[in-house]
Amino acid sequence: MPELKPWQRPRQLLEQLPKPSALKLPRFSGKLTTLQLTAGAATLGLVISAGAVAAAGPWDSSGQRTAERDWAAAQEAGGGADHGRHGGAGTPETAPSAPSVLTGLGAPAGAAPRPTDRALADVLDPLLKDPALGPERSAVVLDAVSGKRVYGKGAGDGLMPASTIKIATAVAALSAAGPDHRIATTTVIEPDSKDVVLVGGGDPTLTARKDGRYTDTAANLRTLAEDTARALKSREIDKVALTYDTSLYSGPPQHPIGPNENITPVSALMADEGRLDDSSSGPAPRAGDPAGDAARKFAGFLKDEGIHLEADPGPSKASPRASSLAKVESPPLSFLVERMLTHSDNDIAEALARQTALAAKEPVSFDGAGRAVGAQLAKLELPLSGAEFADGSGLDRTDRLSAELLAALLDRAADPARPELRSVLTGLPVAGFTGTLVDRYPKESPGTGLVRAKTGTLTGVNTLAGTVVDADGRLLLFAFMTTGTRDAQAAQKTLDQMASTLANCGCR
C-alpha cells in the first residue's frame, strides 16, 4: 500500500483508531494524549484530532469541525503570498466559521495544568539563541485561560512583523465593522439619463469568473450585470453610457513596495484581486488598472444581457441623486478574515484595513487606515507601545509590532466574551495541513496538526504567531519575531521548532 500523504491521513485514522487513554499517531514523534487531542479539537477544531475525539464521543455540534476536517483531508491546501502558490480552481472552499469554537476553554483545556515560566525558559531559551534567528529576536507565550504571560524575551521590542501584522488588521476590522459586515458593489443610474455608474465598495473578493475556487461564495460581476440589465429593461432602457466610480478610496493606490506580484494597486473596485491568471492565492501577475479591467469585464457581461454601450467605460463619480439599480455583497468579514489569514492574502488585508478606516471615518488611504487600525486597537486596551501601522498587509518594512502585542491580539480573539473575533483563530493556518504552513512542518514534528499560526516573511524577517495545545491539554498563545536573518529556511525551521516544543511540552 503506498504511503499516504499528510492530508490523507485523518481519514485513515478515523477508520482504524482504537480507544485507549493515550494515542501514538504515525505523524508525530512522541506521545499525544487524548486530553491534548480533545482540547485541540474542542478549542480550535484541529483537523488531526478528529479521529480521537470522534472515538470519545460527540464533539461538533455546529458541523464546523467536520467541514474543516473533510476539507483538509480532501486537498493539498493552498499556500499564501509569503510561501509560494498551491491549490487552485476546483478545490473545496475554506470551512465556514462557527460561533462556538472555543467552548472547550473551560474543560478540559482550562482544567489542565499551566506550564511554569522556568520550565518554558529551559526549553525555549536554547532555541531562541539559535544564530539562525539573526541579531534581533523576541518571544512571548501566554496561557490562554488566564491570560498570564508564561514566557517572555524582548516582549516589548518593536520589530518588523511582516505578514503577522494581518492579525492586527483582522482584529481591528472585526471589532470596528463587525464579523457580519458585508462589502457591497453597486450600480446606479443618474436621474433623467441613461448614465449608469458601477460603484466600487472595496470588495477585493469580487469575481468575474464563472467557476473556480471561491466563486460560489464571492459576489459576482456576472450576477450584478444580470440584475442591472433586468432593472434597466424594466425602465425600457437598452443602451447606456457606462462609467465606474472608485472615489471611496483616497491617496495613492500603489503600495510603497511598487508593482509586485504579491499585491494589486489598492482600489475600491477590482475583480479577482486584479489577478491576470486563474489563481486565487499567492503571487500572480497583476493588473495595473484593476478598476478599469473590472469595468470592462462588467461591460462585456452587460452586452451579453442585451444592454448596448455607447462607448468603453471610463472613470467618474456617482452623484448623490443617482438611483440604485442593483447590488451584490461580499461574504461576511469573518469569512474574509479567515481567507486572508489562511493564505496571507495581501489584497484582502489592505481592503480590511480600509473597512476599519471607513468605520472610524478616517481617510480611506494607507495613512488613514493605519491611524484607524491603531485607534481601534487602543480601544481594546492593547499594548501599542512602539507600534506603527504603515499598511494592513505587512509588506511595508516600516511596520512595527511587538511580540507582546501579537500575543495580546490572540488573547483578545480567544476571549469567550469576544465571539466577534473568533475568525482570527479559525483562520490561522494549521501546521502541515493548510495555507502558509502546509509545507512547513515535517511528518515527525510534534507540532503538526496542533500548531495554528500566522507566518510572516520578508527579506531578513521571519515571524510566527498563533496557538498551540501543549501535552497537558493547555491552550497556549505565542508570538516569535526575528529580524536580520540570513537564511529564511533555517530561521523558519527554528521558529517552527519553538512552536512544536510547546506542543510537546508538559512544562511544569
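With an unreviewed UniProt entry as reference, the protein is termed D-alanyl-D-alanine carboxypeptidase/D-alanyl-D-alanine-endopeptidase, source organism Streptomyces anatolicus.

Chemist: Can you help me understand the overall build of the protein in this one?
Modeler: The secondary structure content of the protein amounts to 14 helices and 13 strands. Within the span of the protein, comprising 508 residues, buried residues form 60% of the whole. Of all intrachain contacts in the protein linking residues separated by at least 6 positions in sequence, the fraction that spans at least 24 positions is 70%. By element, 49% of the accessible surface of the protein is carried by carbon and sulfur atoms, the whole surface being about 18,700 Å².

Chemist: I would appreciate a short explanation of the sheet that holds strand 12 (residues 461-469) in the present structure.
Modeler: Backbone-to-backbone hydrogen bonds join strands into a sheet, with any given pair of strands oriented parallel or antiparallel. A sheet is described by the order of its strands in space; here five strands give the open sequence 4-3-13-12-11, paired in antiparallel fashion. The open sheet has two free edges, formed respectively by strand 4 (149-153) and strand 11 (451-458), since each of these has just one partner strand. Taken pair by pair, the neighbouring strands of this sheet meet at an average axis angle of 5 degrees, ignoring direction. Of the strand pairs in this sheet, strand 12 and strand 13 (residues 475-483) are connected by nine bridges, and their pairing is antiparallel. Each residue of the ladder has a partner; that of V468, found in strand 13, is L476.

Chemist: Whenever I open this one, the pairing of strand 12 confuses me. Can you help?
Modeler: One face of the sheet, then the other: side chains in a regular strand alternate in exactly this way. With nine of its nine residues buried, strand 12 lies for the most part within the structure. Because side chains alternate across strand 12, one face comprises the buried residues V461, T463, A465, T467 and V469, and the other comprises N462, L464, G466 and V468, equally buried. Pairing between strand 11 and strand 12: eight bridges, direction antiparallel. Bridge pairing in strand 12 places K454 opposite A465. The loop that links strand 11 with its antiparallel partner strand 12 comprises two residues; one of these, G460, has a positive phi angle of about 80 degrees. The hairpin formed by strand 12 and strand 13 contains five residues between the paired strands, and G473 there has a positive phi angle of roughly 90 degrees.

Calculation rules
Residues numbered from 1 in each chain as written. Predicted model: local features only at pLDDT ≥ 70, side-chain atom pairs only at ≥ 80, totals over all residues. Heavy atoms only, no water. Helix = DSSP H or I, 4+ residues; strand = E, 2+ residues; numbered from the N terminus. Buried < 20%, exposed > 50% of the residue type's maximum accessible area, 1.4 Å probe, protein only. Contact = heavy atoms within 4.5 Å. Areas by Shrake-Rupley, 256 points an atom, 1.4 Å probe, with all protein chains shown as cover. Pairing = 2+ DSSP bridges. Axes fitted to C-alpha atoms, helices over the stretch in contact; angles between N-to-C directions.

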